[in-house]
Amino acid sequence: MLKHVKIYSLSLVYFFAYYSLSFAGEVLSWQDCIREASKNHPDLIAATEETIQSQAAKAITASALFPQIEANLQASTAQTASSATGKTSTADSYSYGVTGSQLIFDGLKTINDTKAASENITASKYNFKYTSSTVRYRLRSAYVSLLKAQEALKITQEIYDIRRSNLELITLRYQSGLEHKGALLTAEADLADARYQVSQAKRDLEVAQRQIIKEMGRAKFSPVLVKGDFKVQETVKEKPDFEKIVKNHPSLNQIIAQRNAAQFSLNSAYANFSPTLSGSAGANKSGSHWSPNGDNWNLGLSLSMPLFEGGLKVAQVSQARAYLNQIKENERSLKDSAVLTLEQSWASLQDAIDNVVVQEKQLLATQERSNIAQAQYSTGFITFDNWIIIEDNLVNAKNAFLDAQANALFTEASWIQAKGDVLEYEEK
């Protein structure tokens, strides 16, 4: 009797431990996780800053197309000594004015550099989308992991209760002389294993909580739970047009923008061979007293033409051309890989969805067999060895069904990432 009380007390400990954990923190929906990650995830913030940098880089490059105007003010004094008389004299000098220059022609080099910078802005925007797609996949994986860990804790508690009930039944039969000691020891070992599984499930839950806190971009850890189900939304059975889907993938569009930028950079490298023509103008006043009243002005044109620089410009063209060719091949490789990934992800998703149906049927069948076997064993119609096999199958079926459900959501997340959909995918 004392053993039965001990077993029952342990069950209550696990029961209350689970529910105290369940209500220890806030409960988040999937949309809550998306909204928080959109604001706080460091990868998204970094990608935004990268876009700002590329916009500033374009403004810096384009500034050479506009007049460059400077104002200047100068005041100086100088003292000289006469060797003949030994006397010293002081001379003051003051001047102020404005000077300006304007690029007139440089073989379209600056224009091509500006266009390349514009393409880099486009590339950085697509990089943000690609980062958002990656963040969504990691966030969704963390969400599913926590959802699975919560459900696993419930299942391990159910399994613990099953093992506890089995041990109570076998103990009574053993004390009555209807069962051998090996059966009793097996039941005790199964209960110990179930107790370990509950403890492990709690630790897995804490790890999953830590993971989702990270992917939401929170600075500090706090216990959270998620609400939702294991229903897969992407259940399209007809094979989609992968070639069409990949055209909208942010990573492909990013490398296309990089290829365009590389083409403009090559054009800019060719423009280095062109002469550069610029105009300048200035006006200033100077004199030995303040304020100076001597007027000066100037106008001018400057033409420069590279003749020989040790092969520098030839090497720059060669480098730019090779980089363009590299980008083109990278683009082709990326497109082929993206199409293959889409095919694999879609096939895996269909397999995972079908497997959920199979495992659900297996669980229902095993549950029914367990109910029948429980009654048969208690009345002595089947042996312990046959009965415990059926009970073990029930335990395995519960875990297999949960694994199948979670795997379906994981593969759905992989499929959505393969399409390049971003964090706000569900809001479209």
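Refer to the structure above for everything that follows.
Here the structure is a predicted model, which is why all the values come from computation and not from measurement.

Draft legend 1. Region of interest: the nonpolar core. In terms of nonpolar packing, the biggest core is built from 74 residues, with C33, L139, Y143, I170, I212, W387 and W415 touching the most fellow members. Sorting the residues of this core by element identifies α2 (30-40), α4 (109-175), α5 (181-216), β4 (224-226), α6 (242-246), α7 (250-271), α8 (312-378) and α9 (384-419) as the ones contributing at least two each. Dropping the residues within four chain positions of it, I212 is found in contact with C33, L139, A142, Y143, L146, V224 and V226. Judged by nonpolar contacts, the second largest core, of 6 residues, contains A262, L266, V317 and A320.

Draft legend 2. Examining unusual backbone geometry more closely. Note that the residue after W290, namely S291, is joined by a cis bond; omega there is 0°. Looking at the element boundaries, S291 is found in the loop between β5 (276-287) and β6 (294-304). Located in the positive-phi region is L108, a residue other than glycine, with phi close to 70°. Relative to the helices and strands, L108 resides in the loop between β3 (88-105) and α4.

Draft legend 3. Molecular detail of the environment of G107. The topology assignment puts G107 in the loop between β3 and α4. Measuring from C-alpha to C-alpha, the distance between G107 and D32 comes to 54 Å, with 75 residues separating the pair along the chain. Setting aside chain neighbours within four positions, we find G107 in contact with A271, S274 and P275.

Draft legend 4. Examining the packing of aromatic side chains more closely. Within the structure shown, the criterion is met by 7 aromatic pairs. With 6.4 Å between their ring centres and 80° between their planes, F242 and W415 make a pair best called edge-to-face. With a gap of 173 residues between them, F242 in helix α6 and W415 in helix α9 connect regions that are remote in the sequence. Judged on exposure class, the residue F242 and its partner W415 are both buried. Counting every residue linked through ring pairs, the aromatic cluster contains Y94, Y96 and W290. Across from the ring centre of F221, 4.0 Å away, lies the NZ or CZ of R210, which sits over that ring.

Rules used in this analysis
- Residues numbered from 1 in each chain as written.
- Predicted model: local features only at pLDDT ≥ 70, side-chain atom pairs only at ≥ 80, totals over all residues.
- Heavy atoms only, no water.
- Core = buried A, V, L, I, M, F, W, Y, C linked by side-chain atoms within 4.5 Å.
- Buried < 20%, exposed > 50% of the residue type's maximum accessible area, 1.4 Å probe, protein only.
- Helix = DSSP H or I, 4+ residues; strand = E, 2+ residues; numbered from the N terminus.
- Contact = heavy atoms within 4.5 Å.
- Phe/Tyr/Trp six-rings, centres within 6.5 Å; stacked < 30°, edge-to-face > 60°.
- Lys NZ or Arg CZ within 6 Å of the ring centre and 35° of its normal.

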